[in-house]
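Geometric and topological summary
Given next are the chains, with one letter for each unit.
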Amino acid sequence: MKTDHKRELACYSARRGRFDLVDVPDLRYLMIDGSGDPNGGAFGDAAAALYPVAYRLKFAAKRLGRDYVVMPLEGLWWADDMDSFTSSRDKSRWHWTLMIMVPGEVDESLVDGGVRLGTLSEGRCVQTLHIGSFDDEAETLDRLHHGFLPANGLRMTGRHHEIYLSDPRRTAPEKLRTILRQPVA
């Protein structure tokens, strides 16, 4: 039987138009770091490097009787000045880590090609479902950072996290589904 971790982990579910507090367990990811505009070649190259490793791990686990669905692409995002991320949207100043979550029992010897295996400990987070273009996230992020967080006595503690539930190569921009997550304290 194939395990779908998106269905088993509550932190992979979010509602549109609402900010929810969730407790995210420590999770393991395949990761690649980069910087600059996500519309540039380095971002696409990083995403393309993650998938072969993710599928190599999946098929190795399947041979051992532990089949699972490959998780969606995710990204951690930050900038030295977060206004360049949330307000001015100066993508040339952005930094990112692209990731794909993998089960804890994967064979680490199969990870290579500039991809690393790491654990992300986010803990308490606020998240919402954004439907639409990535470029239209700024309003939601502004409401989160300058409305919801201060109104609830919360502050940001980690990097902005996005979970891409849609494939942008096959989905119209206005229909893209993305979980926007922010670790808080």
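Structure shown above.
For the structure given in this document, a descriptive report is provided here. (Residues numbered from 1 in each chain as written. Predicted model: local features only at pLDDT ≥ 70, side-chain atom pairs only at ≥ 80, totals over all residues. Heavy atoms only, no water.)

**Thoughts on the pattern of salt bridges**
For clarity, the cut-off: Counted as salt bridges are all cases of a side-chain nitrogen of Lys or Arg within 4 Å of a carboxyl oxygen of Asp or Glu. Only DSSP runs of H or I covering at least 4 residues are called helices, and only runs of E covering at least 2 are called strands; the numbering of each starts at the N terminus. The cut-offs for exposure are 20% and 50% of the maximum accessible area for each residue type, with area from a 1.4 Å probe on protein chains only; residues under the lower value are buried, those over the upper are exposed, and the others partly exposed.
Applying the stated rule across the entire model yields 14 salt bridges. Among the ionic pairs, Asp23 bridges to Arg124, the shortest N-O distance being 2.8 Å. Of this pair, Asp23 sits in strand β1 (residues 20-24) while Arg124 sits in strand β6 (residues 123-131), and the two are 101 residues apart along the sequence. The exposure class of Asp23 is exposed, given its relative accessible area of 53%. Here Arg116 makes a salt bridge to Asp33, at a shortest N to O gap of 2.8 Å. Of this pair, Arg116 sits in strand β5 (residues 116-120) while Asp33 sits in strand β2 (residues 27-35), placing them 83 residues apart in sequence. A relative accessible area of 35% means that Arg116 is categorised as partly exposed. Relative accessible area serves as the criterion here: at 46%, Asp33 is assigned to the partly exposed category. Each of the salt bridges in this network shares a partner with another, and the network as a whole consists of Asp4, Lys6 and Arg7.

**Focus on the pairing of β2**
What counts here: Strand pairing follows a simple DSSP-based rule, namely that at least 2 bridges must link the two strands.
In terms of strand pairing, β2 meets β5 through five bridges, oriented antiparallel. Bridged to Leu27 within β5 is Leu120. Sheet analysis places β2 next to strand β4 (residues 94-102), joined by eight bridges and oriented antiparallel. For Arg28, the partnering residue across the bridge sits in β4 and is Val102.

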